[in-house]
Amino acid sequence: MEASDAWKMRWHAATLPAAKSYMEVAFEKKTLVCLAADKYTMAELFDLLEAVGPHIAALKTHVDLVDDWNKEEWGRFCERAKEMNLLIFEDRKFADIGKISQKQMGGIYNIQQWSDLVTAHMISGPDVVDGVQTAWAKASRTGGVLLLAQMSSRGNLLDEAYTETVVKAGKNHPGVFGFIGNGSLPDSIRHLRKMVGEEKMIWTPGVNIATGDGEMGQRYGDPYEAVLSGSDCIIVGSGIHNSENPADAAAAYARASWKALMER
Ligand code: 5BU
């Protein structure tokens, strides 16, 4: 079997190189897991990456959460992630006008230099995508934007009409890698997949083997169900990093996600 057999229509329809890279890595490692590495020190981040790296296909960061962040160690952290064949995904949720989003890709964290993927809200209009893409281009790099079409948190304001508008605008945009969907509700994912079609990715946070309510309004759905419903990547944080054995937990999420892709 090759990656194209595993991913079928998604593989053939994909246009962004980053989408094929992700699908290849996922195929090689038999995992559709993106780790949400929500840790607050560089040492914890390194430990988590070493433990979990073999079982994941992408690494999601919140660079501004890290108490002892510094450029040198962050550089090494990203290098290590690359050695482990991971896409680096900064969940920055850009939302400003295009030119400011472009500048926010730089600054002290210099996201444009090390990220392969970033998130953006389309609340300010489609130019946010162009802003982010211009930043990568100026840094002589390429990357993809995941637009927030849905969210996993309770009471969020991304209603159906908003989701539809985002998908319509993002679906044919070459700089859009895909959409964030609500991993806690399989029906929402199915609905989103219908709107999105086959070409773009749907990545879903709000996934935990223990389904139900999480902390502070987070909601969780089952990893296997999320992929069966049309998610291409399950974003898992505490389900992995808060478990007693993060490596075993990550392997379990990987198995569930891969089994679902094979059945899909
Ligand atoms: P958790 O520990 O698995 O609940 O972490 C979820 C991660 O996904 C966390 O880093 C959030 O910032 C991120 N997230 C989310 O939970 N829900 C959303 O709708 C979006 C991102 Br967008």
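Here, every reference points to the structure presented above.
Residues numbered from 1 in each chain as written. Predicted model: local features only at pLDDT ≥ 70, side-chain atom pairs only at ≥ 80, totals over all residues. Heavy atoms only, no water.

Q: I would appreciate a short explanation of the overall build of the protein in the present structure.
A: Counting secondary structure elements, the protein contains 13 helices and ten strands. Computed over C-alpha atoms, the radius of gyration of the protein comes to 17 Å, within 12% of the 18 Å expected from 2.2 N^0.38 for 264 residues, which places it in the range of a compact globule. C-alpha extents for the protein along the principal axes are approximately 40 × 40 × 40 Å. For the protein, with 264 residues in total, the buried portion stands at 56%. Of the contacts formed within the protein by residues at least 6 apart in sequence, a portion of 70% connects residues at least 24 apart. Taken as a whole, the protein presents about 11,500 Å² of accessible surface, with 52% of it coming from carbon and sulfur. (Helix = DSSP H or I, 4+ residues; strand = E, 2+ residues; numbered from the N terminus. Rg over C-alpha atoms; globule rule 2.2 N^0.38 Å. Buried < 20%, exposed > 50% of the residue type's maximum accessible area, 1.4 Å probe, protein only. Contact = heavy atoms within 4.5 Å. Areas by Shrake-Rupley, 256 points an atom, 1.4 Å probe, with all protein chains shown as cover.)

Q: It is not clear to me how the nonpolar core should be interpreted in this structure. Could you clarify?
A: Grouped burial of nonpolar side chains is what soluble globular proteins tend to show. One finds Trp7, Tyr22, Trp74, Leu147, Phe177 and Trp203 to be the most contacted residues of the largest nonpolar core, which totals 87 residues. Looking at which element gives the most residues to this core, the answer is helix H3 (residues 17–29), with seven residues. In contact with Phe177, not counting residues within four places along its chain, are Leu16, Ala18, Ala19, Tyr22, Leu117, Gly144, Val145, Leu146, Lys200, Met201 and Trp203. (Core = buried A, V, L, I, M, F, W, Y, C linked by side-chain atoms within 4.5 Å.)

Q: In this structure, what is going on with the sheet that holds strand E6 (residues 176–180)? I would like to understand it.
A: In a beta sheet, neighbouring strands pair by backbone hydrogen bonds and run either parallel or antiparallel. Here eight strands make up a closed barrel; going around it, the order is E1-E2-E3-E4-E5-E6-E7-E10 and the pairing parallel. With direction set aside, neighbouring strand axes in the sheet form an average angle of 30°. For strand E1 (residues 33–36) and strand E2 (residues 58–61), the ladder comprises three bridges, and the chain directions are parallel. Following the sheet pairing, Leu35 is matched in E2 by Leu59. Taken strand by strand, helix H9 (residues 160–171) contacts strand E5 (144–148) and E6, and its axis lies near 165° from that of E6. (Pairing = 2+ DSSP bridges. Axes fitted to C-alpha atoms, helices over the stretch in contact; angles between N-to-C directions.)

Q: Is there a simple way to explain helix H4 (residues 42–52) in this structure?
A: Turning to H4, its buried residues number three or more, namely Met42, Leu45, Leu48, Leu49 and Val52. Burial along H4 is one-sided: seen end-on, the buried residues are contained in an arc of 125°. Its buried side turned inward, H4 meets E1, E2, helix H5 (71–83), helix H12 (238–241) and helix H13 (246–263). (Arc of directions from axis to C-beta.)

Q: Help me understand the site of the ligand in this model?
A: The ligand sits among 16 residues. The nearest are Asp38, Lys60, Ser152, Tyr220 and Ser238. Ser152 places a polar side-chain atom, nitrogen or oxygen, 2.7 Å from a nitrogen atom of the ligand. Residue Ser238 places a side-chain N or O atom 2.6 Å away from an oxygen atom belonging to the ligand. Isolated, the ligand exposes 500 Å² of accessible area, and the fraction of that covered by the protein chains is 87%. Its residues placed into classes, the shell around the ligand shows seven nonpolar, five polar and four charged. (Near = heavy atom within 4 Å. Polar contact = N/O pair within 3.5 Å; in protein donor to acceptor, adjacent residues only side chain to side chain. Nonpolar A, V, L, I, M, F, W, Y, C, P; charged D, E, K, R; others polar.)

Q: Explain the pairing of strand E10 (residues 233–236) here, please?
A: For a regular strand, the rule is simple: side chains alternate between the two faces of the sheet. Of the two faces of E10, the one holding Cys233 and Ile235 and the one holding Ile234 and Val236 are both buried throughout. Relative to E10, E1 is paired through three bridges, and the arrangement is parallel. Within the sheet, the bridge partner assigned to Val33 lies in E10 and is Ile234. Direction of pairing for strand E7 (residues 201–204) relative to E10: parallel, over a ladder of two bridges.

Q: Would you take a moment to explain the pattern of salt bridges for this structure?
A: Pairs can form between side chains of opposite charge whenever their charged atoms are close. Scanning the entire structure with this criterion turns up 13 salt bridges. For Asp91, the salt bridge goes to Lys93, with nearest N and O atoms at 2.9 Å. A relative accessible area of 10% places Asp91 in the buried class. Taking the relative accessible area as the measure of exposure, Lys93 reaches 28% and is therefore partly exposed. Each of Arg10, Arg193, Glu198, Asp232 and Arg264 takes part in salt bridges that share partners, so that together they form one network. (Salt bridge = Lys/Arg side-chain N within 4 Å of Asp/Glu carboxyl O.)

Q: So what exactly am I meant to see when it comes to the side chain of Asp116 here?
A: Summarising the element assignment, Asp116 is placed in the loop between helix H7 (111–114) and strand E4 (117–120). Overall, the relative accessible area of 12% leaves Asp116 in the buried class. One polar contact links Asp116 to Lys82, side chain to side chain, over a distance of 2.6 Å. Filtering out sequence-adjacent residues up to four positions away, Asp116 remains in contact with Lys82, Leu86, Leu87, Ile88, Trp136, Arg141, Gly143 and Gly144.

Q: Looking at this structure, I do not really get the side chain of Ser231. What am I missing?
A: Residue placement: Ser231 occurs in the loop between helix H11 (223–228) and E10. Engagement of the side chain of Ser231 in a polar contact is seen with the backbone oxygen of Cys233, the distance being 3.1 Å.

Q: Explanation requested: the environment of His241 in the structure shown.
A: With respect to the element layout, His241 can be found in helix H12. Separated by 20 residues in sequence, His241 and Gly221 place their C-alpha atoms 17 Å apart. Sequence-distant contacts of His241, that is, excluding residues within four places in its chain, are made with Ala36, Asp38, Lys39 and Leu48. A polar side-chain atom of His241 sits 3.4 Å from a polar atom in the side chain of Asn242.

The analysis is restricted to geometry; functional conclusions fall outside its scope.
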